[in-house]
2 protein chains.
Amino acid sequence: MSFSLDPRLEADTHPLGKLDGMHLRLMDNALVTWLILVPETSESEIYRLPVAHQLRLWAAVDQLGRYLAVHHPCDKLNVAAIGNVVAQLHVHVIARRNDDYAWPGVVWGRPERAAYPPEEVGRLAQALAATLGPGFEIERHWVE
Amino acid sequence: MSFSLDPRLEADTHPLGKLDGMHLRLMDNALVTWLILVPETSESEIYRLPVAHQLRLWAAVDQLGRYLAVHHPCDKLNVAAIGNVVAQLHVHVIARRNDDYAWPGVVWGRPERAAYPPEEVGRLAQALAATLGPGFEIERHWVE
């Protein structure tokens, strides 16, 4: 299957690696820890994925929730598949703090951004690799 | 386990029934078709549910997506567990149309509302019962 990442997702995020075959990206906004999981599919709706792929997706979301809870302590995880603007199927997993810029509102549609220093993206990718184990294939660029 | 619905969820939504043991509610906003699934748990994060309960939750979300796609044609489903305001675990499954009031933005945090005529809530509950089969126990009030 030929798959290419939506150019807006590509522009807004950093690649971290692949988790169980799905692209794992980091929104370039250091104000919150905002992960985005992109399965390689042309479907826009989760219910249209084969059940095995749905299970793989939610198992990855589960792993990312556990990772964030440990490594980026937060008051609430926000998990969402929206896709009104970018229809390519992607799931947000965001560590929200009650002192972040949008709390208690949602982060979508808000302009606030702070770019990551590149080394911080690398540290996050390496922490994911250490936590998630062999199901996570770290982006080559971040291999130490 | 003693469980009671968060009073804000109770106030903002209509009961439709129970789906595989989880409360299924309808946001009282006829401008979009906005379902809310509430598992009986004291956890606020999906990753803290036993895996079997997570699977049950996502299987129900899958069923609701299929139901909405057929009965409330839309341009995009929005599926989200947020919980910044109401921490009680609940999952939104919303049929978004590209001519609805918030498109392409998200519906959370927007004030627009139009109350349902009660008979329309009943029709929706009955359509769910006809579509979802025995896993759905319709709210007694809507039984014809």
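To keep things clear, this report deals only with the structure shown in the data block. (Residues numbered from 1 in each chain as written. Chains lettered and ligands numbered in written order. Predicted model: local features only at pLDDT ≥ 70, side-chain atom pairs only at ≥ 80, totals over all residues. Heavy atoms only, no water.)

## Examining the pattern of salt bridges
Residues and elements named next belong to chain A.
Then, in step 1: In this structure the tally under the stated criterion is 16 salt bridges over all chains.
Then, in step 2: A salt bridge links R48 to E43, with the shortest nitrogen-to-oxygen separation between them at 2.8 Å.
Then, in step 3: Classification of R48 as partly exposed rests on a relative accessible area of 49%.
Then, in step 4: Of the residues examined, E43 reaches a relative accessible area of 24% and is grouped as partly exposed. (Salt bridge = Lys/Arg side-chain N within 4 Å of Asp/Glu carboxyl O. Buried < 20%, exposed > 50% of the residue type's maximum accessible area, 1.4 Å probe, protein only.)

## Examining the interface of chain B and chain A
Then, in step 1: The partner chain A presents 27 residues to the 27 residues of chain B that form the contact.
Then, in step 2: Summing both sides of the interface, chain B and chain A together bury roughly 2400 Å²; the carbon and sulfur share of this comes to 56%.
Then, in step 3: Put simply, chain B and chain A have two salt bridges between them.
Then, in step 4: The salt bridge involving A:E45 is made with B:K76; its shortest N-O contact spans 3.1 Å.
Then, in step 5: Secondary-structure elements contributing two or more residues to the side of chain B that touches chain A are α2 (51-71) and β4 (76-81) of chain B.
Then, in step 6: Split by residue class, the side of chain B that touches chain A holds 14 nonpolar, seven polar and six charged.
Then, in step 7: The pairing of strand β4 (residues 76-81) of chain A with β4(B) spans three bridges and is antiparallel. (Contact = heavy atoms within 4.5 Å. Buried area = accessible area lost by both parts, 1.4 Å probe. Helix = DSSP H or I, 4+ residues; strand = E, 2+ residues; numbered from the N terminus. Nonpolar A, V, L, I, M, F, W, Y, C, P; charged D, E, K, R; others polar. Pairing = 2+ DSSP bridges.)

Any functional reading would require information that these geometric values do not contain.
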